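# Coordinate inspection notes
The primary structure of each chain is shown beneath.
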Amino acid sequence: MSLFEARDLTVSFGGIHAVRDLSFDVEEGEVFSIIGPNGAGKTTVFNLISRFYDVDAGTMTFGGEDITRLPVHRVAQRGIARTFQNTELFEHETVLKNLLIGRHVHRRTMLAEDLFFLPRVRRQDLAFREKVEDVIDLLDLQSYREQTINGLPYGVRKMVEVARALCIEPKLLLLDEPSSGLNPEETEDLSFWIEDISEDLGVTIIMVEHDMNLVTRMSDRVLAMADGLELAVGEPREIQEHPAVLRAYLGD
Amino acid sequence: MRFVLKTRYNQDIDLFQHNGQRFWYVLLAVALLLVPLGFDSFYVGEMSLVFIYAIAGVGLMLLVGYTGQVSLGHAAFLAIGAYAHAWFLTQGLPWPVSLALASLLTAIVGAVVAIPALRMTGIYLAVATLAFSRIVEHVITHWGSVTGGYRGMAVPRAEVFSVSLMSASTFYYVCLAFLAASLVAALNLLRSPSGRAMIAVRDSEVSAQAMGIDLARTKTLAFFLSAGFTGLAGGLFAHKIGYLAPDAFTIVTSIQLLLMVVVGGLGSMHGVVFGAIFIGLLPQAVAFLRDASPPAIAEIPGLEPAIFGLILILFLVYEPLGIYGRWVKIRLYFQEFPLYRKATYKRQKSYLRTERVR
């Protein structure tokens, strides 16, 4: 059984079929990339997995559990974390606070305990901070810890978002165009971090990405899409030379 | 300039970050405790009113400044707290029980209001809460058997074990204690997961959801707590004004409360207190100015709302973070003197999402 299975996913907005009959499996520990020209439905697939959209037809299972109708806020609890194409951070808070919010799914205290800040809440927060510091160390964010997001450069924000997703301790990490807006050097760093996340933490990664270089280097398998349809699935080399993919990108 | 070296996570979690803060807050507490001894009972009464406004402000700040939900209807929660407390007292309930029940009842009404409010944001939410406060006003005027309708109702005297709380100085201490407790509860909330969830909802609803935060639950909770604090303030306010009538809780009160948190500084608990001092003492300051100025100026009608409006506009234009934002800058100026750079805050004139119309 694969970690994540999508079967015949279909969703349309008005007359536009954003995704049609899309099926794919993601194996545990894999780096799985989704590529395709603009408007192919890549981000829609992410929004389906993280349950921002309801599917019109089809099913999704994660770790054997059917998540097709899971309420949106339960997705993170199950161990699926994501980043956004244009970062969606908590702008007025520090990096540290952002990462602490990432620990939210691990909270065990009730409102009444929080209001009195009972010792249990403090212990929980200390445990949160230890985990957060691990992530900060992993992604080298030490120097930004106390800075608020609205003063940070874009490249750093992108990494903070990845860090926040890692604070969930996910089994599956969805990266939506992680390299967009990064300079070549930052993209290089990113590829090492993706490798660390995949190999050291054992997190399965699905990534939407335009940088073919990065895709070829990082991915175990690639799904190519166009107009909401699957074009091909396979190893990066195969996909790059696949006639249907070439046609979608370059025309006839 | 102070540099706090953090060696333990607990330092970050504690309410006071360093001994300097502890020193100043202890000093402030001592000063506040001594006020009734040194001042005329009129001023002591005005200070209690400031504390009551601040308690309501804590509630409104949680909702507006930290969860990003606008409310133009908080006078309604103040009214519900006040009338409920007065009614429970007339039914013979002991004072603390009555106040607690009034606050709880208001909180529950807040949670019920949250249900339709979950689907609205920004200006729509503002209008919906405004409508809610009109409904409450109508209920108060027409539910004569409980509220006394237009005639209003007298508020029974506050007594605990037949010790009266009504003298200016006793009431001052009661309000001060409730304000301190409210502030500590709110600050506790903000440093724990429940409060962080609210902040997450304020800054980005999508990513709050992606972090596993239940939007409906968090917003309902914010309304519940906000109404609860405001209801508590309402109960104390009832004693302060002594006689409840519907015209004490109109749209003007709602706007005043909202102005308080905006002028004080959205997204800060200091702002609540600054804002409460501002709206609590401004009428006195204007009256004082009237007395001190020549008749040509002193006799201008409507001076008070005009000054109020002017100050508000100046704040919105020059200091969106309110009095607290200004205070932070002044403090930094002295800390870094003579190296303060004027440009430090140049790019930081950012607005909270609440303030933008979406």
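Rules used throughout
Residues numbered from 1 in each chain as written. Chains lettered and ligands numbered in written order. Predicted model: local features only at pLDDT ≥ 70, side-chain atom pairs only at ≥ 80, totals over all residues. Heavy atoms only, no water. Pairing = 2+ DSSP bridges. Helix = DSSP H or I, 4+ residues; strand = E, 2+ residues; numbered from the N terminus. Contact = heavy atoms within 4.5 Å. Axes fitted to C-alpha atoms, helices over the stretch in contact; angles between N-to-C directions. Buried < 20%, exposed > 50% of the residue type's maximum accessible area, 1.4 Å probe, protein only. Buried area = accessible area lost by both parts, 1.4 Å probe. Salt bridge = Lys/Arg side-chain N within 4 Å of Asp/Glu carboxyl O. Polar contact = N/O pair within 3.5 Å; in protein donor to acceptor, adjacent residues only side chain to side chain.

### Re the sheet that holds strand β2 (residues 16-26) of chain A
Residue and element names in this part refer to chain A. Here we have four strands laid out as an open sheet, ordered β2-β1-β4-β5, and antiparallel in their pairing. Each of the sheet's edge strands pairs with one partner strand only, and the pair in question is β2 and β5 (65-66). Here seven bridges tie strand β1 (residues 4-13) to β2, and the two strands are oriented antiparallel to one another. Directly across from F4, in β2, lies its bridge partner V26. Packed onto the sheet, helix α1 (residues 42-49) meets β1, β2 and β4 (57-62) and runs at close to 65° relative to β2.

### Comments concerning the sheet that holds strand β9 (residues 221-226) of chain A
Residue and element names in this part refer to chain A. Ordered by their spatial adjacency, six strands build an open sheet running β6-β7-β8-β3-β9-β10, and the pairing between neighbours is mixed. Of all the strands in the sheet, the pair left with one neighbour each is β6 (80-82) and β10 (229-234). Pairwise comparison of adjacent strand axes, ignoring direction, gives a mean angle of 15° for this sheet. As judged from the five bridges shared by β9 and β10, these two strands associate in the antiparallel manner.

### A look at unusual backbone geometry
Residue and element names in this part refer to chain A. Residue D8 is not a glycine yet carries a positive backbone phi of 50°. Along the polypeptide, D8 turns up in strand β1. We classify D8 as partly exposed; its relative accessible area is 42%.

### Looking at the interface of chain A and chain B
The interface is formed by 40 residues belonging to chain A together with 37 residues belonging to chain B. The junction of chain A with chain B conceals about 3,500 Å² of combined surface from both sides, 61% of it contributed by carbon and sulfur atoms. Inspection of the region where chain A meets chain B yields five salt bridges. Among the salt bridges present, the one from E93(A) reaches R202(B), with a minimum N-O distance of 3.5 Å. Across the chain A-chain B interface, the total number found is 14 residue pairs in polar contact (both at pLDDT 80 or more). Going through the elements one at a time, α2 (95-102), α3 (111-116) and α4 (119-139) of chain A are the ones with two or more residues in the side of chain A that touches chain B.

### Focus: the pattern of salt bridges
Oppositely charged side chains are able to pair whenever their charged atoms sit close together. Within this structure, the stated rule accounts for 25 salt bridges over all chains. R51(A) is the salt-bridge partner of D54(A), the closest N and O atoms lying 2.9 Å from each other. Residue classification places D54(A) among the partly exposed positions, given a relative accessible area of 45%. For the salt bridge of D203(B) with R202(B), the shortest nitrogen-to-oxygen distance reads 2.9 Å. Comparing D203(B) with R202(B) shows no difference in burial state: the two are buried. Here the salt bridges share partners, and the residues they tie into one network are D125(A), R129(A), E146(A), K6(B), D12(B) and R196(B).

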